Amino acid sequence: MIYRSITPKLLELAKYFPVVTVMGPRQSGKTTLVQSTFKDYEYVNLEIRTERELALNDPEAFFKRHSSPLIIDEIQRVPELLEMLQVLADNKRCNGEYIITGSHQPALHQEISQSLAGRTGIIELLPLSISELSGNNINLAREEYIFNGFMPRIYSEQIPPNLLYTNYFSTYVERDVRQMINVADLTAFERFIMLLAGRVGQVINFSSLSNEVGVTSTTLLKWLSVLEASYIVFRLPCYFNNFGKRLIKAPKIYFYEPGLASNLLGITNKEMVERDPLFGNLFENVVVVEALKARYNAGKRSELYYFRNHNGLEIDLVLNENRKLFPFEIKSSMTWTTSFSKNLEKFMKFASDVEKPSVIYSGDLETQAKGISYINYKNIAKLFS
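What counts, and where the lines are drawn
Residues numbered from 1 in each chain as written. Predicted model: local features only at pLDDT ≥ 70, side-chain atom pairs only at ≥ 80, totals over all residues. Heavy atoms only, no water. Helix = DSSP H or I, 4+ residues; strand = E, 2+ residues; numbered from the N terminus. Rg over C-alpha atoms; globule rule 2.2 N^0.38 Å. Buried < 20%, exposed > 50% of the residue type's maximum accessible area, 1.4 Å probe, protein only. Lys, Arg positive; Asp, Glu negative; His and termini not counted. Charge placed at Lys NZ, Arg CZ, Asp CG, Glu CD. Contact = heavy atoms within 4.5 Å. Bend = angle between axes of the 7 residues up to and from the residue. Salt bridge = Lys/Arg side-chain N within 4 Å of Asp/Glu carboxyl O. Pairing = 2+ DSSP bridges. Axes fitted to C-alpha atoms, helices over the stretch in contact; angles between N-to-C directions. Core = buried A, V, L, I, M, F, W, Y, C linked by side-chain atoms within 4.5 Å. Phe/Tyr/Trp six-rings, centres within 6.5 Å; stacked < 30°, edge-to-face > 60°. Lys NZ or Arg CZ within 6 Å of the ring centre and 35° of its normal. Arc of directions from axis to C-beta.

(A) Expanded view of the overall build of the chain. Secondary structure summary: the chain contains 17 helices and 13 strands in total. The globule rule puts the C-alpha radius of gyration for 385 residues at 21 Å, and the 22 Å found for the chain is close to it. In terms of principal-axis extent, the alpha carbons of the chain reach across some 65 × 45 × 45 Å. Residues classed as buried in the chain amount to 54% of the 385 residues present. Of note, the chain has its 43 positive side-chain charges centred 6 Å away from the centre of its 42 negative side-chain charges.

Right under this line is the structure:
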């Protein structure tokens, strides 16, 4: 079993809160994480019909059958249990009595925040990171990371990536989407997701997408919110605070799982990755989501942005922390060159409080030039955690 970097944060929250909530994409390893961390806890899965029906019809009987300390898996199947958990948390004997997991439910995070306000600590578990794989002696080439993705089952069960992601996508659309929203045309919804894959790492023009999908921009924005809440895609906002120049404020779109984006683009083997026109965008997706994993695994808020103004200056990734800006350029090239840093040099001239500007690229040579660090993408976790 691959050790998850978020484990210390999970244990810390269990010391201070009666309920700990683990959110994240389906199949990201939430069940394995909580069961391996809390081995002595009773475990109940609300995907099991009899357990789900008992929880729905008689919550008190459910908690009499399953006493604490207790792991409740897939809480989004019976969110009504959150009200009873609130009562139990108020009468707690000790902290860490209840560990709950949830995924694929737009309103779940809000319901947990309302019902368990002040009673739960929340962490978000994303799929495996490069550093977690490396810690298990799994070291891949960049095209393999993009094609394989980072779902634990790829590595624990040796499932072919195309088989896993094809079924992951179809199950998500056929099951979870139908539960979450009333989509009259699932084909249009699927087309929308595939078009997003073709625009990974780009600012999205919803008017253009509306014409291609055949639904209104308002509907597309609603669908995007569902995709975000169910951990399919996320928006990287544009950083604009404290800058007087005109900026582009629309967010960029990335996939939580680069392997899914690769699959949606029709990439069927690792050899196709570097030949794909979107190879640079897919590599950027890997780097950005690795930065996000590092932040979440450390128990921190994202605070990740990109920067672009109307003069054409763009910085791929900006970390805003402790009132300091840490800018990063992302390059898929394996050959180091000082030209990679030209935008960083321009950014440093007018942005205040800039620290540790860096270029993240595919090459093995890690060096510094003109105050700018050049770092291999496999070593980025330490930059963001």
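(B) Structural detail: the environment of Met 151. With respect to the secondary-structure elements, Met 151 resides in the loop between helix H8 (142-148) and helix H9 (152-156). The spatial distance from the C-alpha of Met 151 to the C-alpha of Lys 64 is 35 Å, given a sequence separation of 87 residues. When near neighbours in sequence (up to four residues on either side) are disregarded, Met 151 contacts Arg 26, Gln 27, Ser 28, Pro 127, Leu 128, Leu 164, Tyr 165, Tyr 168 and Glu 257.

(C) Highlighting helix H10 (residues 161-180). For H10, the principal kink sits at Tyr 172 and spans about 35°. When H10 is considered as a whole, its buried residues turn out to be Pro 161, Leu 164, Tyr 165, Tyr 168, Phe 169, Tyr 172, Val 173, Asp 176, Val 177 and Met 180. Those residues of H10 that are buried are in contact with H8, H9, helix H11 (186-197), helix H13 (217-229) and helix H14 (258-264).

(D) Main features of the pattern of salt bridges. Taken as a whole, this structure holds 23 salt bridges when the rule is applied. For Glu 303, the salt bridge is made with Arg 301, and the minimal N-O distance between the two is 3.7 Å. For Glu 303, a relative accessible area of 24% gives the class partly exposed. For Arg 301, a relative accessible area of 66% translates into the label exposed. Among the ionic contacts, a cluster of salt bridges with common partners joins Arg 26, Glu 47, Glu 74 and Arg 77.

(E) Summary view of the sheet that holds strand S11 (residues 358-361). In space, the 6 strands of this open sheet follow the order S8-S9-S10-S11-S13-S12, with mixed pairing throughout. Two strands close off the open sheet at either side, each with one partner strand: strand S8 (304-308) and strand S12 (367-369). Here the average twist between neighbouring strands, direction ignored, is 30°. The sheet contact formed by strand S10 (residues 324-330) and S11 spans 3 bridges and is parallel. Residue pairing in the sheet places Glu 329 in a bridge with Val 359 of S11. Here helix H15 (residues 279-297) sits on the sheet and contacts S8, strand S9 (314-321), S10 and S11; the angle it forms with S9, its principal contact strand, is near 0°.

(F) Seen up close, the nonpolar core. In this structure, Ile 72, Tyr 172, Phe 192, Phe 255 and Phe 384 are the most contacted members of the largest nonpolar core, which totals 102 residues. The element best represented in this core is H15, accounting for 11 residues. With residues near it in sequence (within four places) discarded, Ile 72 still touches Val 44, Leu 46, Phe 62, Phe 63, Leu 85, Ile 99, Ile 100 and Thr 101. Core analysis: the next-biggest nonpolar cluster, separate from the first, contains 17 residues, Leu 313, Leu 344, Ala 351 and Tyr 361 among them.

(G) View of unusual backbone geometry. The peptide bond linking Ser 68 to Pro 69 adopts the cis configuration, its omega dihedral lying at 0°. Relative to the helices and strands, Pro 69 is located in the loop between helix H4 (59-65) and strand S3 (70-73). In the Ramachandran plot, Lys 356 falls in the positive-phi region, its phi being about 50° despite a non-glycine side chain. Considering the arrangement of structural elements, one finds Lys 356 in the loop between helix H16 (342-350) and S11. For Lys 356, a relative accessible area of 62% gives the class exposed.

(H) Seen up close, the packing of aromatic side chains. All told, the structure shown has 19 aromatic pairs when counted by the stated rule. When the ring of Phe 283 is compared with that of Tyr 377, the centres are 5.2 Å apart and the planes differ by 75°; the resulting orientation is edge-to-face. Here Tyr 377 lies in the loop between strand S13 (372-376) and helix H17 (381-384) and Phe 283 lies in helix H15, a separation of 94 residues in the sequence. A single burial state applies to Phe 283 and to Tyr 377, both of which are buried. Sitting above the plane of the Phe 240 ring, Lys 249 keeps its charged end 4.5 Å from the centroid. A cation over a ring is seen here: Lys 252 above Tyr 306, with NZ or CZ 4.8 Å from the ring centre.

(I) Broad picture of the side chain of Ser 210. Residue placement: Ser 210 occurs in helix H12 (residues 206-213). Aside from chain neighbours lying at most four places away, what touches Ser 210 is Val 215, Thr 216, Ser 217 and Leu 220.

(J) Looking closely at H16. Among all positions of H16, only Asn 343, Leu 344 and Phe 347 are buried. Angularly, the buried residues of H16 cover 100° about the axis, an arc narrow enough to put them on a single face. The exposed set on the far side of H16, more than 90 degrees from its buried face, consists of Lys 342 and Lys 349.

(K) Expanded view of the pairing of strand S7 (residues 252-255). Judged by which residues are buried, S7 turns out to be covered on both faces: Lys 252 and Tyr 254 on one side and Ile 253 and Phe 255 on the other are all buried. As judged from the 4 bridges shared by strand S6 (residues 233-236) and S7, these two strands associate in the antiparallel manner. Residue pairing for S7: Leu 236 is matched across the bridge by Lys 252.

(L) Region of the structure containing the sheet that holds strand S5 (residues 120-124). In spatial order, the strands read S2-S3-S4-S1-S5; together these 5 strands make up an open sheet with parallel pairing. The two strands at the open ends of the sheet, each matched to only one other strand, are strand S2 (42-45) and S5. Within this sheet the neighbouring strands show an average axis-to-axis angle of 15°, counted without direction. Bridge count between S3 and strand S4 (residues 98-102): 3 bridges; the pairing is parallel. Counterpart to Ile 71 in the pairing with S4 is Ile 99.

In short, shape yes, function no, at least from these values alone.
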